[in-house]
Amino acid sequence: MKMKCLYVAVAAAVLSLAACRSSKDAVSVNDLDGEWNVVEIQGQAVQDESQPFIGFDAQDGRVYGYTGCNRLMGALTLSKPNKIELGQMASTLMACPDMETERLMLNALASVKSLKCSGKTLVLYGADKEPVMLLQKRFEVVPLSSLKGDWRVVSLYGAALPEGMETVPALNFDVTANRVTGNSGCNRLSGAINHDGADENSISFGNVASTRMACPDMDTENQVLSALNSVRSYGLLDNGRLALMSEGGTIVLELERSK
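For the structure given in this document, a descriptive report is provided here. Values in this document were obtained by computation on a predicted structure and should not be read as measured data. (Residues numbered from 1 in each chain as written. Predicted model: local features only at pLDDT ≥ 70, side-chain atom pairs only at ≥ 80, totals over all residues. Heavy atoms only, no water.)

### Observations regarding the nonpolar core
In this structure, Leu147, Phe173, Phe205, Leu244 and Leu255 are the most contacted members of the largest nonpolar core, which totals 26 residues. If one sorts the elements of this core by residue count, helix H3 (residues 219-230) sits on top with 4 residues. If we ignore the near neighbours within four places in the chain, the residues touching Phe205 are Phe173, Val180, Ala192, Ile193, Asn194, Leu228, Val231 and Leu244. One finds Met105, Leu122, Met133 and Leu135 within the second-largest nonpolar core, a separate group that totals 23 residues. (Core = buried A, V, L, I, M, F, W, Y, C linked by side-chain atoms within 4.5 Å. Buried < 20%, exposed > 50% of the residue type's maximum accessible area, 1.4 Å probe, protein only. Helix = DSSP H or I, 4+ residues; strand = E, 2+ residues; numbered from the N terminus. Contact = heavy atoms within 4.5 Å.)

Here you go:
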């Protein structure tokens, strides 16, 4: 389905945030910053496989996210203690078969008045002090050095790899030499690791090249190479797996440490 390059304004919302440690404390930027999966809206579990999320970037004054269909973006202002203003929220205008999760998410965001956080969980409350949205930390930001070593690919674009593969795609990260090597399921590959020191979890791969051996099934290989070229960030998931994400936060590769 074709995405229109248009944006629509969504009603601005003001979120009055209760502090994470106590009601007397100001909201900690460190507590809020980062990306959060939307796991429950108005008491209903979110079962969207595309996993909606919300991201807060207080330093740059922006909020962004994904509704399961469209991208969200807008300005974020920490106006006074325990208050945050989301103004001029906008969304892409892609039409999807099921827009219900997006509708619920936008309505809930517009009604939020307060927040409580505990560890990796955020709860957003409405004016009646009833919970309207439950969020859980999407991933842990870890140093680039934590990627060092061998990893095997366990999923591509959210789908598990085909069973019975003779050669499972795998990657090795040499963070000292800034090189990635490995195999894509058929051919050997190598490329450069690029990391922006100003953006803690940024990563991309440049000049990725592979050998040219022909195999009976090249679909997985083509997807691995396509995914690598689209990677812009990374994070460590709760299950210990490494998520490599494209621009906008979509997980395109999920990796597990080789034993």
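Structure shown, so let's carry the discussion forward.
### Description of the side chain of Arg138
As for its position among the elements, Arg138 is in the loop between strand E11 (131-137) and strand E12 (149-156). A distance of 2.6 Å separates the side chain of Arg138 from the side chain of Glu35, its partner in a polar contact. For Arg138, the residues in contact, after removing those within four places along its chain, are Glu35, Trp36, Asn37, Phe53, Leu237, Met245, Gly249, Thr250 and Ile251. (Polar contact = N/O pair within 3.5 Å; in protein donor to acceptor, adjacent residues only side chain to side chain.)

### Looking at a negative patch on the surface
A cluster of acidic residues, Asp60, Asp196, Asp199 and Glu200, forms a negative patch at the surface. Tracing the backbone through its elements, the reader meets Glu200 in the loop between strand E16 (188-194) and strand E17 (204-210). (Patch = residues over 30% accessible without salt bridge, like charges linked within 9 Å, V, L, I, M, F, W, Y side chains within 5 Å. Areas by Shrake-Rupley, 256 points an atom, 1.4 Å probe, with all protein chains shown as cover. Salt bridge = Lys/Arg side-chain N within 4 Å of Asp/Glu carboxyl O. Lys, Arg positive; Asp, Glu negative; His and termini not counted. Charge placed at Lys NZ, Arg CZ, Asp CG, Glu CD.)

### Structural notes on H3
Along its 12 residues, H3 runs 17 Å from first to last C-alpha, staying within 8% of the 16 Å computed at 1.5 Å per residue. Within H3 the residues assigned to the buried category are Thr220, Glu221, Val224, Leu225, Ala227 and Leu228. Looking down the long axis of H3, one finds its buried residues gathered within 160° of arc, a one-sided arrangement. Among the structural elements, E12, strand E14 (170-174), E16, E17, strand E18 (231-236) and strand E20 (251-257) are those in contact with the buried residues of H3. (Expected span 1.5 Å × (residues − 1). Arc of directions from axis to C-beta.)

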